[in-house]
Amino acid sequence: MNHPLQAYESVVGPQVIYELRLLAERTKGWTVRNINSTAVGGGVAEILNRMNPLLQELGINARWDVIKGGEKFFKVTKKFHNALHGKEECFSEEDFAVFLENNEINANSLDLSGEVLFIHDPQPIGLINRKDSVNSKWLWRCHIDVSNPNPQVWNFLLPFINRYHSAVFSAPSFSQKLLIPQALISPSIDPLSDKNKDLPEDVIQRILERFRIDPGKPIVTQISRFDYLKDPVGVIDAFEMVQRYVDCQLILAGGEATDDPESAEVLAKVRDRAANNPDIHVLAIPSGSDLEINALQRASAVVVQKSLKEGFGLTVSEALWKGRPMVASAVGGITLQITHKYSGLLCHSIEGAAHAIKQLLQNPDYAKKLGENGKEHIRQNFLLTRHLRDYLLLFLSLYREGDIIHL
Ligand code: UDP
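Owing to the predicted nature of the structure, the values given are computational and were not obtained by experimental measurement.

Engineer: Summarise the sheet that holds strand β11 (residues 326–329); cite the residues concerned and give the values.
Structural biologist: The pairing of strands in a sheet comes from backbone hydrogen bonds and takes either a parallel or an antiparallel form. Read across the sheet, six strands follow the order β9-β8-β7-β10-β11-β12 without closing on themselves; strand pairing throughout is parallel. Edge positions in the open sheet fall to β9 (280–284) and β12 (345–347), since each of these has one partner strand only. Neighbour to neighbour, the strand axes of the sheet diverge by 20 degrees on average, direction disregarded. Bridge analysis of strand β7 (residues 219–223) against strand β10 (residues 302–305) gives two bridges, and the strand direction is parallel. Bridge pairing in β10 places Thr221 opposite Val303.

This is the structure:
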């Protein structure tokens, strides 16, 4: 369920809401067309679902289209994704041809009108080839940590990126040498969504029961798509080290994204690895399991995000917003969300993660304090209203004096 803007006043105060309305007076009637590659699974879909209704309430015709593609295309784009995160990948001429052909097919079928075309991540980046045939401003929104990209794929993408009017990255360390202006805007969570709203204790207990989880034993949880870069097997390794000292249980919960062909294979490996340990619950949850994710995070003594690479890591903000003590890898946007030993514990290895989880399980007062600090940090920096404000300012910055804008 989505809430009207006014409802956020109770979380962020009246000034923030007033400012949003004031800014939006200048973008009334604009069409902002978001284009990405999946309607479900992952942070991009999560944000668009929450952001668009508020933009619409503010008078912006916020649209969202998803490009189409077959298995071959998504295999190539998953390789792009991994390679942009720095993974060794080898690309053939055919890979690039498949990518370009698919972008061309989508460009022919998508409506590309509107004041702002907001293209998310590399999958639809080639739509910029239509730049000269439409009268829009083009934004490329990169949600990936591209601080150390594979040069072959980066050099392939660069000529596309440089034709956009502006690029948006999630963290300062991701910015790159580009010929176009860059904005740094971190993602956000919606404090009023089913995934993040307060939940009564009985709802949490019922959900635990449904998943056959013992509420009496401390729970360690990681919520993530089943993706190698989220290192679910590394989480199991760390958890089993902790188990030698503390009687606890692990939940690995996640679903699939329609643009990720690897997830079934990762899930199978995780199931195999966890098979002999009755304290590990591997939960394949369908998309839209927001209340379930909310409850699992709230029921956890420690929430883990042991990613090997991370764009931003919305799951970190989600857990911190619930005041949960976190152990997370010091990668990508996670370091914007967690200050080590202040709002969570950062780790760099399986052993480091195990040590931190054990420390939090054995020191509940310390864990509680970290969770409280984390929540306040999210309130100040990573809620949807701040994100909305950044986007409105970004849209306005695209139209400078001399350009036609609807005022
Ligand atoms: N998520 C979900 N169901 C799942 C796994 C994840 O709804 O099975 C959500 C999660 O709660 C978060 C988002 O998907 O809101 C994941 O965003 P994040 O930035 O953490 O990672 P990404 O998947 O984009 O790499």
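Engineer: Any details on the side chain of Asn373? Residues and values, ideally.
Structural biologist: Mapped onto the fold, Asn373 is located in helix α14 (residues 364–381). Excluding its chain neighbours within four sequence positions, the residues that come into contact with Asn373 are Tyr342 and Ser343.

Engineer: Tell me what's going on with the packing of helix α8 (residues 232–243) against helix α9 (residues 263–274), and back it up with residues and numbers.
Structural biologist: Relative orientation of the contacting elements α8 and α9 amounts to 15 degrees, with a least axis distance of 9 Å. Taken together, the axes of α8 and α9 are roughly parallel relative to one another. The hand of the α8/α9 crossing is right-handed. Side by side, α8 and α9 meet where Pro232, Val233, Ile236, Asp237 and Glu240 of the first sit next to Val266, Val270, Arg273 and Ala274 of the second.

Engineer: Run through the site of the ligand, naming residues and quoting values.
Structural biologist: Close to the ligand lie 16 residues, the nearest being Gly43, Arg225, Lys230, Gly255 and Glu318. Residue Gly43 places a main-chain N or O atom 2.7 Å away from an oxygen atom belonging to the ligand. Between an oxygen atom of the ligand and a main-chain N or O atom of Leu314, the distance comes to 2.8 Å. Isolated, the ligand exposes 540 Å² of accessible area, and the fraction of that covered by the protein chains is 88%.

Engineer: Describe in detail the pairing of strand β3 (residues 116–120), supporting the description with residues and values.
Structural biologist: Within β3, five of the five residues are buried, which leaves it mostly tucked inside the rest of the structure. Side chains Val116, Phe118 and His120 of β3 all project onto a buried face; the interleaved residues Leu117 and Ile119 project onto the opposite face, where all are buried too. Where strand β1 (residues 31–36) lies against β3, four bridges are found, and the strand directions are parallel. Of the residues in β3, the one forming a bridge with Ile35 is Ile119. Pairing analysis gives five bridges linking β3 to strand β4 (residues 137–141), with the strands arranged parallel. In the strand pairing of β4, His120 is matched with Arg141.

Engineer: Could you give an account of unusual backbone geometry, naming the residues involved and the relevant values?
Structural biologist: The backbone of Asp121 sits at a positive phi, close to 65 degrees, despite the residue not being glycine. Examined against the element boundaries, Asp121 turns out to sit in the loop between β3 and β4. Exposure remark for Asp121: the relative accessible area of 10% places this residue in the buried category.

Engineer: Give me the lowdown on helix α5 (residues 93–109), citing residues and values where you can.
Structural biologist: Between the first and last C-alpha of α5 there are 25 Å, a value that for 17 residues agrees with the 24 Å anticipated at 1.5 Å per step. Every buried residue of α5 is accounted for by Asp95, Phe96, Val98, Phe99, Asn102, Asn103, Asn106 and Ala107. Buried residues of α5, viewed axially, fall in a sector of 165 degrees; they line one side. Exposed positions of α5 whose direction lies more than 90 degrees from the buried face are Glu93, Glu101, Ile105, Asn108 and Ser109.

Engineer: Describe in detail the environment of Lys306, supporting the description with residues and values.
Structural biologist: One can find Lys306 in the loop between β10 and α11 (314–321). The class for Lys306 is buried, based on a relative accessible area of 5%. When the C-alpha atoms of Lys306 and Ser329 are compared, they prove to be 5.0 Å apart, with 23 residues separating the residues in sequence. Looking at Lys306, its side chain comes within polar contact range of the side chain of Asp231, at 2.7 Å.

Engineer: Mind laying out the environment of Gly374, listing which residues take part and the relevant values?
Structural biologist: Turning to its location among the elements, Gly374 is positioned in helix α14. Considering only alpha carbons, one finds Gly374 and Ile338, 36 residues apart in sequence, at a separation of 7.1 Å. Contacts of Gly374, omitting those with residues within four sequence positions, involve Leu320 and Ser343.

Here is what the cut-offs are and how they apply
- Sequence order as written defines the numbering, with residues in each chain counted from 1.
- Selection of residues for local features in this predicted model requires a pLDDT of at least 70, selection of side-chain atom pairs for listing and counting requires 80 or more, and totals for whole chains, interfaces and linings are taken over all residues.
- No hydrogens and no water enter the side-chain calculation; it runs on all heavy atoms of the structure.
- By the convention used here, strands pair only if DSSP detects at least 2 bridges between them.
- Numbered from the N terminus, helices here are DSSP runs of H or I no shorter than four residues, and strands are runs of E no shorter than two.
- In this analysis an axis means a line fitted to C-alpha atoms, helices contributing only their contacting stretch, and an angle means the value between N-to-C directions, from 0 to 180 degrees.
- The contact rule is simple, with two residues in contact once any of their heavy atoms fall within 4.5 Å.
- Angle categories: roughly parallel below 35 degrees, roughly antiparallel above 145, roughly perpendicular from 65 to 115, and oblique for all the rest.
- In a left-handed crossing the near helix is turned counterclockwise from the far helix by less than a right angle, and in a right-handed crossing that turn is clockwise.
- By convention in this text, a residue qualifies as near a molecule or strand provided that one of its non-hydrogen atoms is within 4 Å of it.
- Think of a polar contact as two N or O atoms within 3.5 Å of one another; within protein, one of them needs to be a possible hydrogen donor and the other a possible acceptor, and neighboring residues in sequence only count if both atoms come from side chains.
- The Shrake-Rupley method, run with a 1.4 Å probe sphere, supplies the accessible areas, and residue values consider only the shown protein chains as cover.
- Exposure is judged per residue with a 1.4 Å probe applied to protein chains only, and the accessible area is read against the type maximum: over 50% gives exposed, under 20% gives buried, and values in between give partly exposed.
- Here, expected helix span is obtained from the residue count minus one, scaled by 1.5 Å.
- When we speak of the arc, we mean the arc of directions from the helix axis to the C-beta atoms.

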